Amino acid sequence: MISEIEDIVRRSGKRVREASGFTVSDKGTRENLVTSADVENERFLKEELLSLLPGSVFKGEEGDDVPVAKEGYTWIVDPIDGTTNFSRGIPEVGISVALMKDAKPLAGVVYNPFTDILYSAEAGKGAFKNGKPITVSNRPLEDAILFTAWCAYDKSLSAPCFEVSERLHPACNDIRRIGTAAVELCMMAEGAAELYFEIRLSPWDFAAASVVLTEAGGHICSFGGPLDYDRPCPVIAANTPGNLAYLARAVVDVFGERPYRGQAFRSSTEATFSTAWSS
Ligand code: 2AM
Ligand code: CA
């Protein structure tokens with residue numbers, strides 16, 4: 001099955017790479033973009049993936065946001081992760097396809113059609129970059145690179161996100177921001193970076209990469225427990241449980257009691273740290 005998914009994703013990537021004359025529009029705020037290539041690629045992936053697995057459910061960013069099925073198979077798809085990069089010709093883009101079974105992640109493929117790098121993983125079977133096994137690094141915090149962003153699409157949350165960066169920067173090696181969460185998480189999976197924090201990611205941004213990162217030996221969670229594959233949530237990830245706990249502590253210290261979508265961070269702190277320490 002994974003090789004068939006990879007084949008579909010590679011074919012969709014060729015279409016994205018060769019797309020010309022696409023139109024760009026915003027989805028409510030000027031930072032949140034969609035192009036006609038996003039919409040066209042979601043249509044292509046939906047058709048191909050549903051015919052690969054008849055009876056499955058398709059959840060996608062551009063117009064197909066439905067709940068993940070509690071029983072059976074659900075695809076979670078971002079046709080272009082890094083749309084702002086794509087619209088400007090910056091070649092950091094990920095086509096992200098996850099397959100869930102009974103609401104649990106089963107497989108993930110992330111493909112950058114501009115670099116021709118494809119990450120893939122199936123639960124329990126390891127993670128791969130263009131077919132070669134990958135693992136997270138074992139770098140300690142002081143050598144770690146952090147991927148993070150400052151919530152461009154909701155600037156009311158950007159100040160505390162900057163504060164998290166301010167705290168981490170002296171403790172680690174440096175900070176990077178590539179503009180596609182899916183590719184950033186996969187770069188962690190191959191050992192190129194060690195830490196990841198975003199206050200709000202949608203399931204299609206992280207679903208496929210979460211399988212790749214977990215299978216590569218990494219750790220990824222939200223606040224107070226596992227990722228929510230049905231709605232946007234905070235995402236923290238690291239190469240080791242110790243680095244995950246350090247980052248989670250910094251995030252909770254900064255955000256404190258600040259409610260996030262009606263949920264106080266503090267109330268879920270204990271569960272976050274038990275996830276961090278026990279995984
Ligand atoms: P996108 O390009 O598919 O929109 C940038 O750091 C990351 O944030 C990208 O993965 C980008 O995905 C994602 N992103 C952009 N707008 C977002 C939004 N409104 N909510 C959640 N994630 C978003
Ligand atoms: Ca997208």
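For the structure, see preceding data.
Since we're looking at a predicted model, the values are computed, not measured.

## Thoughts on the packing of aromatic side chains
Here is step 1: Per the counting criterion, the structure on display carries 5 aromatic pairs.
Here is step 2: Between Phe86 and Phe114 the ring centres are 6.3 Å apart and the planes differ by 40°, which places this aromatic pair in the tilted class. In this pair, Phe86 sits in helix 3 (residues 83–88) while Phe114 sits in the loop between strand 6 (104–112) and strand 7 (117–122), placing the two residues 28 residues apart along the sequence.
Here is step 3: The exposure class assigned to Phe86 is buried, which follows from its relative accessible area of 6%.
Here is step 4: In this structure Phe114 comes out as partly exposed when scored by relative accessible area, which is 34%.
Here is step 5: Judged by centre distance (6.2 Å) and plane angle (65°), the rings of Phe197 and Phe255 are edge-to-face.

## Observations regarding the sheet that holds strand 14 (residues 233–238)
Here is step 1: With mixed pairing, 5 strands are arranged side by side in an open sheet as 11-10-12-14-13. Lying at the two open borders of the sheet, with one neighbouring strand each, are strand 11 (174–176) and strand 13 (219–221). Across this sheet, the average inter-strand angle for adjacent strands is 15°, counted without regard to direction.
Here is step 2: Judged from the 3 bridges that link them, strand 13 and strand 14 form a sheet pairing that is antiparallel. Bridge assignment links Cys221 to a residue of strand 14, and that residue is Ile236.
Here is step 3: Running at roughly 150° to strand 13, helix 6 (residues 203–215) makes contact with strand 12 (195–201), strand 13 and strand 14 of the sheet.
Here is step 4: Helix 7 (residues 241–255) contacts strand 10 (145–148), strand 12, strand 13 and strand 14 of the sheet and is inclined by roughly 145° relative to strand 14.

Here is what the cut-offs are and how they apply
Residues numbered from 1 in each chain as written. Chains lettered and ligands numbered in written order. Predicted model: local features only at pLDDT ≥ 70, side-chain atom pairs only at ≥ 80, totals over all residues. Heavy atoms only, no water. Phe/Tyr/Trp six-rings, centres within 6.5 Å; stacked < 30°, edge-to-face > 60°. Helix = DSSP H or I, 4+ residues; strand = E, 2+ residues; numbered from the N terminus. Buried < 20%, exposed > 50% of the residue type's maximum accessible area, 1.4 Å probe, protein only. Pairing = 2+ DSSP bridges. Axes fitted to C-alpha atoms, helices over the stretch in contact; angles between N-to-C directions. Contact = heavy atoms within 4.5 Å.

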